[in-house]
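Commentary on secondary and tertiary structure
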Number of protein chains: 2
Amino acid sequence: MQKTPIHNLFYNSSYLEKKVRICGWVRTLRSQKTFSFLQINDGSSVESLQVVIEDTFPNYSSLIKELSTGASVQVTGLVVRSQGKRQTVEMQPENIEIIGPCPEDYPLQKKRHSFAYLRSISHLRPRTNTQGACLRMRSMISFAVHQFFQQEGFFHIHTPIITTLDCEGAGEMFRITKDGKDFFGLPAYLTVSGQLEAEICALALSNVYTFGPTFRAENSNTSRHLAEFWMIEPEMAFCELAENMEMAEKFLRYILTYALEKGGKDLAFFSQFIEEGLTEKLEGFLKEPFAKLSYTEAIEILQKAPAKFIYPPKWGHDLQSEHERYL
Amino acid sequence: MQKTPIHNLFYNSSYLEKKVRICGWVRTLRSQKTFSFLQINDGSSVESLQVVIEDTFPNYSSLIKELSTGASVQVTGLVVRSQGKRQTVEMQPENIEIIGPCPEDYPLQKKRHSFAYLRSISHLRPRTNTQGACLRMRSMISFAVHQFFQQEGFFHIHTPIITTLDCEGAGEMFRITKDGKDFFGLPAYLTVSGQLEAEICALALSNVYTFGPTFRAENSNTSRHLAEFWMIEPEMAFCELAENMEMAEKFLRYILTYALEKGGKDLAFFSQFIEEGLTEKLEGFLKEPFAKLSYTEAIEILQKAPAKFIYPPKWGHDLQSEHERYL
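Everything in this summary refers to the structure shown in the same document. Just so you know, these numbers come straight off a predicted model, no measurement behind them.

On to unusual backbone geometry, then. Residue Asn59 of chain A is not a glycine yet carries a positive backbone phi of 60°. Within the secondary structure, Asn59 of chain A is located in the loop between β3 (49–54) and α2 (60–66). Residue classification places Asn59 of chain A among the exposed residues on the basis of a relative accessible area of 61%. Positive phi, close to 55°, is recorded for Phe238 of chain B, a residue that is not glycine.

What follows covers the sheet that holds strand β5 (residues 89–100) of chain B. Across a sheet, paired strands are connected by hydrogen bonds in the backbone, their directions being either parallel or antiparallel. Residues and elements named next belong to chain B. In spatial order, the strands read β1-β2-β3-β5-β4; together these five strands close into a barrel with mixed pairing. Recorded for the sheet is a direction-independent mean angle of 55° between the axes of neighbouring strands. Where strand β1 (residues 19–31) and strand β4 (residues 72–81) come together, seven bridges link them in antiparallel fashion. Looking across to β4, one finds that Arg21 is bridged to Thr76.

A complete count under the given rule lists 36 aromatic pairs over all chains for this structure. Considering the side-chain rings of Phe184 of chain A and Phe174 of chain B, the 5.7 Å spacing of their centres and the 25° angle between planes classify their relative orientation as stacked. Taken as a pair, Phe184 of chain A in the loop between β8 (175–177) and β9 (188–190) and Phe174 of chain B in the loop between β7 (162–163) and β8 (175–177) lie in two separate chains rather than in one. In this structure Phe184 of chain A comes out as partly exposed when scored by relative accessible area, which is 36%. Overall, the relative accessible area of 0% leaves Phe174 of chain B in the buried class. Ring centres of Phe211 of chain B and Trp230 of chain B lie 5.9 Å apart, and the angle between their planes is 90°; on these two criteria the pair is classed as edge-to-face. Taken as a pair, Phe211 of chain B in strand β10 (residues 207–215) and Trp230 of chain B in strand β11 (residues 228–236) lie far apart in primary sequence, 19 residues in all. As far as the burial class goes, Phe211 of chain B and Trp230 of chain B line up, both buried. Clustering of aromatic rings is evident, with ring pairs tying together Phe148, Phe149, Phe154, Tyr209, Phe251, Tyr254 and Tyr258 of chain A.

Looking now at the environment of Lys308 of chain A. By the secondary structure assignment, Lys308 of chain A is in the loop between α9 (295–304) and α10 (321–326). Separated by 14 residues in sequence, Lys308 of chain A and Glu322 of chain A have C-alpha atoms that sit 9.7 Å apart.

This brings us to the environment of Arg136 of chain B. Among the structural elements, Arg136 of chain B can be located in helix α4 (residues 129–151). When the C-alpha positions of Arg136 of chain B and Gly43 of chain B are compared, they lie 8.6 Å apart, and in sequence the two are 93 residues distant. Setting aside its immediate chain neighbours within four residues, Arg136 of chain B contacts Phe155 and Leu205 of chain A together with Gly43, Ser44, Ser45, Val46, Asn129 and Asp266 of chain B.

Procedures and definitions
- Residues numbered from 1 in each chain as written.
- Chains lettered and ligands numbered in written order.
- Predicted model: local features only at pLDDT ≥ 70, side-chain atom pairs only at ≥ 80, totals over all residues.
- Heavy atoms only, no water.
- Helix = DSSP H or I, 4+ residues; strand = E, 2+ residues; numbered from the N terminus.
- Buried < 20%, exposed > 50% of the residue type's maximum accessible area, 1.4 Å probe, protein only.
- Pairing = 2+ DSSP bridges.
- Axes fitted to C-alpha atoms, helices over the stretch in contact; angles between N-to-C directions.
- Phe/Tyr/Trp six-rings, centres within 6.5 Å; stacked < 30°, edge-to-face > 60°.
- Contact = heavy atoms within 4.5 Å.

This is how it looks when you write it as structure tokens:
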């Protein structure tokens, strides 16, 4: 029997009263007098499936000893409506197979672990709710990025990672060598931007975008620049500033709408545990058209602002992050 | 007026007898006694749009002097059925604006240039039919890869490019430094594979894939390993060999079907000019189920093969590229 992702059982009522096979990892086992609640998660959703094991189940007492947190299991059984409040469906098991048992000192227990601790067990970290939700949302939003640009007639181009270009000095570069020597016969670096290649392609294909890893050899731990990050760079030929701004707004609206529509329980999880009110904040962005203002207007607003800036705003100077944040 | 990609004019009959604005680059201008044929390409398609300019057009003689190959232009006009055989629609211009004129020594002329020559003008290369078709097909197929995995319930994970792991010695690695020193306090390299991170994520999310750049510091100019290439790595938990093979076949069928259905004129171009019969070859792959055989069967076939191998096939040894090619 084909295995079914747990996520599908929650969102597709055609599984109700049907027999399915699921595979996943034990989150918790809670034993009552005459039965046990087993929570299984397979990463297809932040939600775990509850399997109710009656004490009449074959080998009940030895089985529940082995069903410890972290064990990988395969369960076949009937999907039924749940009597509990927390979940819509649960499973009545017919067969439970322990694929891989888990020792008692499994480092992920049913409690909130600090991010710092989770870094020390990074091989298990994706099994936590937070990182699982991050990975699922990131996958979903990456796909939305591609979908948006493809719908808009852009071509995805894969620009070189190893390069000799420094892209107008966008940042400090990592150098690449093999056994201490230049491999390509001249100094080579990790790209800081695919912009130049994207511009060349835009001057042939009209609308292109890049979406790939980019690097900065800068010792700055800001939310703006990591040593390695994925960057989206659209380039459009025959396009003026107004159309550019329109496309940027359309893009952000598409991504936010996509995240709100498909984020489901992952987004709800973030909104509840990571940043309270996140969902409302994202919905707020979509309520009104984005404000548009000229550079001169921006400087005027900043100069009148009741805020202390490290760099005083001045016409002719670049806007700093602190200025952009204020605006 | 919004500009329209030229590709749309060929494939959407609702533009017929409508006024549109197009932007692109002049491919050729062919002048007859009383009119000129202008071919404009905007990279949205391998096909160029033909604009028929009568000699009664304002400033006809000075205009056609400026409409040299490579010039960037904007044309508004009526989309009409073409009387010629080579194209379905053409344009009757109302207004022609030269955005950027082009010198006479523009290095891309209307003739077949060698790939070696095109490498020397790589900033203009994407404007050729061959590279344009490559870029469009690559974009389309990359998207198909994401679409396939997302439909199948896989999550796209972005594995690190800078790493200390050598992935079971998959290949020679490039080293990364800043000003001749290790930047992260220990030796760091460019990844040869995201496999280990993908395996970790699969053991939490069940089905994941990577699709990103990968590197080999090997001086081998084969079609298998470049210094830098994009690689797809799916990882599935709770999956046996049979299911794995099934997924691999399903994936290849999806991508080939997608390419055949949406490759259009680009695929036809490859099939005509780059590899004759390519379309039929791809269709051939889809006609029958893929042959499946065990390692032992493969070795038996190779040992009976009427072929000379550099490495004699032997049970217990790895299959070499030459063996895979023969099979």
